[in-house]
Amino acid sequence: MVQEAEKYKAEDADHKKKVEAKNALENYAYNMRNTIRDEKLVRSSIRQTRRDRGCCRIGHSVA
């Protein structure tokens, strides 16, 4: 059993890095989406069409 655990240790570490990277990307995307949707924060600085386009692209990146 110990030999089997050692055998898959590198694969587990690689998988863990991939999962952490995916989680970080999704977290960033959701934060950006929420920032873009916040009317008070971006109403004057970003036009509605750009906000919609940004939300659409963010949605595709996490889907």
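Residues numbered from 1 in each chain as written. Predicted model: local features only at pLDDT ≥ 70, side-chain atom pairs only at ≥ 80, totals over all residues. Heavy atoms only, no water.

## Observations regarding the overall build of the protein
Turning to step 1, where the next piece is worked out: On a plain count of helices and strands, the protein comes out with 3 helices and 0 strands.
Turning to step 2, where the next piece is worked out: In the protein, the succession of α and β elements from N to C terminus is α-α-α.
Turning to step 3, where the next piece is worked out: Here the protein holds 63 residues, and the buried ones make up 14% of them.
Turning to step 4, where the next piece is worked out: Of the roughly 5700 Å² of accessible surface on the protein, a fraction of 53% belongs to carbon and sulfur atoms. (Helix = DSSP H or I, 4+ residues; strand = E, 2+ residues; numbered from the N terminus. Buried < 20%, exposed > 50% of the residue type's maximum accessible area, 1.4 Å probe, protein only. Areas by Shrake-Rupley, 256 points an atom, 1.4 Å probe, with all protein chains shown as cover.)

## Some words on the confidence of the model for the protein
Atomic detail in the predicted coordinates should be set aside for any region of low pLDDT.
Turning to step 1, where the next piece is worked out: Taken as a whole, the protein shows an average pLDDT of 78; of its residues, 60% reach a score of 70 or greater.
Turning to step 2, where the next piece is worked out: Per-element mean pLDDT across the protein ranges from 62 in helix α3 (residues 48–62) up to 89 in helix α1 (residues 2–37). (pLDDT = per-residue confidence, 0-100.)

## Description of the pattern of salt bridges
Turning to step 1, where the next piece is worked out: Under the counting rule described, the total for this entry stands at 2 salt bridges.
Turning to step 2, where the next piece is worked out: Note that Asp14 is salt-bridged to Lys18, the shortest N-O span being 3.6 Å. Of the two residues, Asp14 and Lys18 both sit in helix α1, 4 residues apart, roughly one turn of that helix.
Turning to step 3, where the next piece is worked out: When the shortest N-O distance is used, the salt bridge between Glu26 and Lys22 registers 3.0 Å. Of this pair, Glu26 and Lys22 both sit in helix α1, 4 residues apart, roughly one helical turn. (Salt bridge = Lys/Arg side-chain N within 4 Å of Asp/Glu carboxyl O.)

## A word on α1
Think of an α-helix as 3.6 residues a turn; residues three or four steps apart then line up on the same face.
Turning to step 1, where the next piece is worked out: If you check α1, its first and last C-alpha atoms are 51 Å apart, about what 36 residues at 1.5 Å a residue would give, namely 52 Å.
Turning to step 2, where the next piece is worked out: Of all bends in α1, the biggest is about 40°, found at Lys9.
Turning to step 3, where the next piece is worked out: The complete set of buried residues in α1 reads Glu26, Ala29 and Ile36. (Expected span 1.5 Å × (residues − 1). Bend = angle between axes of the 7 residues up to and from the residue.)

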